[in-house]
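Per-entry structural report
For reference, the chains in residue letters:
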Amino acid sequence: MNPLDDPMADPFEIAKQAASEIAERTGVPKHDIALTLGSGWGKAADLIGETVATIPAQEITGFSKPALEGHVGTLRSVRLHDGKHALVIGARTHYYEGHGVRRVVHSVRTAAATGATVMILTNGAGGIRETWTPGTPVLISDHINLTANSPLEGATFVDLTDLYSSRLRAIAREADASLDEGVYVQFRGPNYETPAEVQMAKIIGGHIVGMSTALEAIAARQSRMEVLGLSLITNLAAGIQKTPLSHEEVLKAGHDAEPVIGALLANIVGRI
Ligand code: HPA
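First, a word on what this report is: a plain description of the structure on this page. What you see is a predicted model; the values in this text were computed from it and never measured. (Residues numbered from 1 in each chain as written. Predicted model: local features only at pLDDT ≥ 70, side-chain atom pairs only at ≥ 80, totals over all residues. Heavy atoms only, no water.)

Another aspect to go through is unusual backbone geometry. A cis amide bond, omega 0°, links G189 with the succeeding residue P190. In this structure, P190 sits in the loop between β7 (180-186) and α5 (195-203). Backbone geometry at R224 places phi at a positive 65°, although glycine is not the residue there. Here R224 is to be found in the loop between α6 (213-222) and β9 (226-236). (Helix = DSSP H or I, 4+ residues; strand = E, 2+ residues; numbered from the N terminus.)

Laid out in structure tokens, this is it:
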């Protein structure tokens, strides 16, 4: 049984336990920065520095088995070119898997417990702006959380102003001045949105639709990390694109964009 499924357990204690296992397995006592690599972003792990250790995530307390082909379930410790250490999380538990929000944000809480003060969250997502052709990377400027859930438990009133750090967004723009930004709307999934839902997302101020990042960003902020969010537009959102959406199309767009956005992310990490 996953210890996070015990409602009496303290998820932060479990994250601390996970972090101490990561320190022991990697020989790296403290990580400075953490990256969650979603669809298309995996190449960055090879470009940011030298991999010190790779751990199958499910061997670490609280982590779940990957649910999906195309999602790699590893944790990597990477020594950056400037000597800092990055924890690269290639094991995302999605809210739609139905294991509860504690499991969804465990990797983020573990990253904080390893010492990371910067959390880079990446994903593959649908684009609402028609100019964002598949393969376009977009900075997340803010989010709208339509999951009707939160990783925060009890009366935990966390401020989310500037959740997606304007300082880190400015650094990302130093790496690529042409980067657009937009508001990420998280739906529960796993179905893609209906065209009407996409129109709603647009009307309420959204530009990107996805199924992962908002809940993770909230948890990162609760753990006092600075957040940078990046979406790879893998497809235009339902109804904006005239053809039906498919997971294969999303994976292919991610695969095709991988070298370019991997290099972009490595460039950004080098400036943080
Ligand atoms: N919607 C939600 N999630 C996604 C999409 C989308 O269009 N594309 C990739 N992930």
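Attention shifts here to the nonpolar core. I60, L75, V108, M119, I208 and V227 are the most contacted members of the largest nonpolar core, which totals 35 residues. Those elements that provide at least two residues to this core are α1 (11-26), β4 (85-89), α3 (101-113), β5 (118-127), β6 (136-145), α6 and β9. When residues of this core are assigned to their parent elements, the largest contribution, five residues, is made by α3. Counting 29 residues, the second-largest nonpolar core is a separate cluster that includes V88, L230, A257 and I268. (Core = buried A, V, L, I, M, F, W, Y, C linked by side-chain atoms within 4.5 Å. Buried < 20%, exposed > 50% of the residue type's maximum accessible area, 1.4 Å probe, protein only.)

This brings us to the environment of R103. Within the secondary structure layout, R103 lies in helix α3. The exposure class assigned to R103 is buried, which follows from its relative accessible area of 13%. Between the C-alpha atoms of R103 and L4, which are 99 residues apart in sequence, the distance is 6.5 Å. Leave out the neighbours within four places in its chain, and R103 touches N2, L4, D5, G62, S64 and T93. (Contact = heavy atoms within 4.5 Å.)

Inspection of the entire model under this criterion finds zero aromatic pairs. Taking NZ or CZ as reference, R188 lies 5.9 Å from the ring centre of Y95, over its face. (Phe/Tyr/Trp six-rings, centres within 6.5 Å; stacked < 30°, edge-to-face > 60°. Lys NZ or Arg CZ within 6 Å of the ring centre and 35° of its normal.)

Moving on to the side chain of E216. By secondary structure assignment, the location of E216 is in helix α6. By relative accessible area, E216 is classed as buried at 2%. In terms of polar contacts, E216 uses its side chain to reach the side chain of R92, at 2.7 Å. Leave out the neighbours within four places in its chain, and E216 touches R92, V104, V105, V108 and L121. (Polar contact = N/O pair within 3.5 Å; in protein donor to acceptor, adjacent residues only side chain to side chain.)

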